[in-house]
Amino acid sequence: MLIEDEVHGVIEIPSHIEEILNHEIFQRLKRVKQTGLLSLAVNPASTQTRYEHCIGTYKSAQDLLTALKRNSNYERELPEWCRQSVEIAALLHDVGHGPFSHYWEQVCGKSFDHEQNGLVCVDKIFADMKSEILRSLRDDNNGRGVQLIKALILDKSELLTYPMMGHGYLFDIIHNSRSGLDVDKWDYLRRDNKRLKLLSDEDMQFDDVFLKARIAPDGQRIEYRYDDFHLIYKLYMARWRLHIGAYQQPKALAFDYILCKIVRRCKPHLLDVRADSKEWLDLYDDHVLQLIDCDPLTVYLRSPERWIESAPCDGNNEECVCVLRKKTAPGVDMHSDESYPLYGDPSKKRSFDRLTTPTTISACYTLQ
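What counts as what
- Residues numbered from 1 in each chain as written.
- Predicted model: local features only at pLDDT ≥ 70, side-chain atom pairs only at ≥ 80, totals over all residues.
- Heavy atoms only, no water.
- Helix = DSSP H or I, 4+ residues; strand = E, 2+ residues; numbered from the N terminus.
- Rg over C-alpha atoms; globule rule 2.2 N^0.38 Å.
- Buried < 20%, exposed > 50% of the residue type's maximum accessible area, 1.4 Å probe, protein only.
- Areas by Shrake-Rupley, 256 points an atom, 1.4 Å probe, with all protein chains shown as cover.
- Expected span 1.5 Å × (residues − 1).
- 1 Å grid on protein atoms, 1.4 Å probe; cavity = no way out; pocket = protein on both sides within 12 Å on 5 of 7 lines; lining within 4 Å.
- Points joined across faces, edges and corners; volume = space filled by probe spheres on them.
- Nonpolar A, V, L, I, M, F, W, Y, C, P; charged D, E, K, R; others polar.
- Phe/Tyr/Trp six-rings, centres within 6.5 Å; stacked < 30°, edge-to-face > 60°.
- Lys NZ or Arg CZ within 6 Å of the ring centre and 35° of its normal.
- UniProt positions renumbered as here; feature names shortened; annotations may be inferred.
- Pairing = 2+ DSSP bridges.
- Axes fitted to C-alpha atoms, helices over the stretch in contact; angles between N-to-C directions.
- Contact = heavy atoms within 4.5 Å.
- Core = buried A, V, L, I, M, F, W, Y, C linked by side-chain atoms within 4.5 Å.
- Disulfide = S-S within 2.5 Å.

Here we look at the overall build of the protein
A count of helical and extended segments in the protein gives 16 helices and eight strands. The C-alpha atoms of the protein give 21 Å as radius of gyration, which agrees with the globular expectation for 368 residues (21 Å, within 12%). The principal-axis extents of the C-alpha atoms in the protein amount to approximately 65 × 50 × 35 Å. Each of the 368 residues in the protein was classed as buried or not, and the buried ones make up 56%. Split by element, the accessible area of the protein, about 16,300 Å² in all, is 47% carbon and sulfur.

Spelled out as structure tokens, the structure:
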């Protein structure tokens, strides 16, 4: 199977991965937009989906694994079942997202965790698999493959019932809480900017952070070149600019507020739907909009031209929506220097000034 992807070009999909892609739980992601309500609120071009992003993250994981092997003088060969598990963890890392992606977590509050929900999806998908490779990951050695997939999605090595034996660096690939550099970010920053067109090619020149990385001598971490340290900050600057210019645009945040209000008021039972429910497959963007269509405020989610920026209101008028939020600066979002294991020539490490002042995002809108 070949997939034409707007970020990666042609992606070759082996038969066992194609079986996962064809599962109804994964197919649901075609109907979940990557940037939630952004295409309705601000940028109509931002219609990329979680389906596309998950496949792109799968390819990014392949690219990083290839780079690590090429750049490292590491004697321990990565077992094939581990490689397969890493690739599938990348593919399924967002399979548990609700409708409108991260917006749904705002609707549900702290009661919904897309990663924990994703573990249920992983089990349900693997229960239906026929491929010998996938059944082996599920059944052999106490299900060690699926164990690793789940542990990588959550970045919790303690979930494993076996030691990684010199391959702890795998936990820096999918969900890297130790330094924040992972293939999830690597794909979505490129993918979202393709649609949003906010940043120049120069602004997005941070691929070498990943393509020049290597495995640490003890096998526990991924190391990055001193030469590329400034590119890590460039990555975080790009992420911050996408937040300010798109993800946290005031109107997008106001749309989020209205969505929360409508769902909690007229369809509160949706807040409890999870992957173990028969309703899960129908919980996607357009269907939720259909379910809440009876609410008088829903029309405003389909009509951004009826949102008129206005003076601040007292918050008691339903036809006035105000947002106020602070976005942390890229110099704060980026982890401390010590979080990034580096290799090579220390003199090649460039200095830079971190932006640390938060940005205030505020606006009021009158609904007409």
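What follows picks up the thread again.
Quick notes on helix α12 (residues 229-247)
For α12, spanning 19 residues, the distance from its first C-alpha to its last is 26 Å, which sits close to the expected 27 Å at 1.5 Å a residue. Taken across its 19 residues, α12 has 14 buried, putting it largely inside the fold.

Here we look at the layout of surface pockets
Roughly 940 Å³ of volume is contained in the largest pocket. Taken together, 37 residues line the largest pocket, and the ones lying closest to its centre are Arg 50, His 102, Tyr 188, Arg 239 and His 243. Residue assignment for the lining of the largest pocket shows that the elements contributing at least two residues are α4 (50-71), α6 (102-108), α7 (114-127), α10 (183-196), α12 and α13 (250-266). Of the residues assigned to the lining of the largest pocket, the class counts are eight nonpolar, 17 polar and 12 charged. The computed volume of the second largest pocket comes to approximately 250 Å³.

Some words on the packing of aromatic side chains
Applying the stated criterion across every chain, the model contains 10 aromatic pairs. Consider the rings of Trp 307 and Tyr 365, whose centres lie 5.9 Å apart with planes at 75°: the pair is edge-to-face. Of this pair, Trp 307 sits in strand β5 (residues 307-310) while Tyr 365 sits in strand β8 (residues 359-367), and the two are 58 residues apart along the sequence. Judged on exposure class, the residue Trp 307 and its partner Tyr 365 are both buried. Here a set of aromatic residues connected by ring pairs shows up, and it is made of Phe 229, Tyr 233, Tyr 340 and Phe 352. It is Arg 28 that lies over the ring of Trp 280; its NZ or CZ is 4.0 Å from the centre. Its guanidinium or amino end placed over the ring of Tyr 51, Lys 30 lies 4.9 Å from that ring's centre, counting from NZ or CZ.

What to know about the UniProt feature "domain: HD" (unreviewed entry) in the protein
Mapped onto the present numbering, the UniProt feature "domain: HD" (unreviewed entry) falls at residues 50-189. Along residues 50-189 one finds 59% helix and 0% strand; the C-alpha atoms at either end are 13 Å apart.

Structural notes on the sheet that holds β5
Pairing within the open sheet is antiparallel, and its three strands lie in the order β5-β8-β6. The sheet is open, and its two borders are formed by β5 and β6 (320-327), each paired with just one other strand. With strand direction ignored, the average angle separating the axes of adjacent strands in the sheet is 35°. Bridging between β6 and β8 involves eight bridges; their strand directions are antiparallel. Following the sheet pairing, Cys 320 is matched in β8 by Thr 366. Here α12 sits on the sheet in contact with β6 and β8, set at roughly 165° to β6.

Focus on the sheet that holds strand β7 (residues 342-343)
Taken in spatial order, the three strands line up as β3-β4-β7 in an open sheet, and their pairing is mixed. Looking at which strands have only one partner, the edges of the open sheet turn out to be β3 (214-215) and β7.

Quick notes on the nonpolar core
Grouped together as the largest cluster of nonpolar side chains are 117 residues, with contacts concentrated most on Phe 26, Leu 92, Trp 104, Leu 148, Leu 170 and Ile 173. If one sorts the elements of this core by residue count, α12 sits on top with 10 residues. If near-sequence neighbours (up to four positions away) are discounted, Leu 170 is found in contact with Leu 65, Leu 78, Cys 82, Val 86, Leu 148, Leu 152 and Met 164.

Observations regarding the environment of Leu 355
Along the chain, Leu 355 turns up in the loop between β7 and β8. Here the alpha-carbon distance between Leu 355 and Met 237, two residues 118 residues apart in the chain, equals 8.9 Å. Beyond its immediate stretch of four places on either side in the chain, Leu 355 contacts Tyr 233, Trp 240, Ala 329, Pro 330, Gly 331 and Val 332.

Some words on the state of the cysteines
What the rule picks out here adds up to two disulfides. Covalent S-S linkage joins Cys 313 and Cys 320, the inter-sulfur distance amounting to 2.2 Å. Measuring handedness by torsion sign, the sulfur bridge of Cys 313 and Cys 320 sits at about -100° and is left-handed. Judged by relative accessible area, which is 28%, Cys 313 ranks as partly exposed. The exposure class of Cys 320 is buried, given its relative accessible area of 10%. Disulfide pairing is shown between Cys 322 and Cys 364; the S-S distance is 1.9 Å. Measuring the twist about the S-S bond at about 110°, one finds the Cys 322-Cys 364 disulfide to be right-handed. Here Cys 322, found in strand β6, pairs with Cys 364, found in strand β8; they are 42 residues apart in sequence, far enough to count as distant. Residue class for Cys 364 comes out buried when judged on its relative accessible area of 7%. When the cysteines of the protein that form disulfides are numbered from the N-terminus onward, they connect as 1-2, 3-4. Note on Cys 266: no disulfide assigned, nearest cysteine sulfur contributed by Cys 294 at a separation of 4.7 Å.

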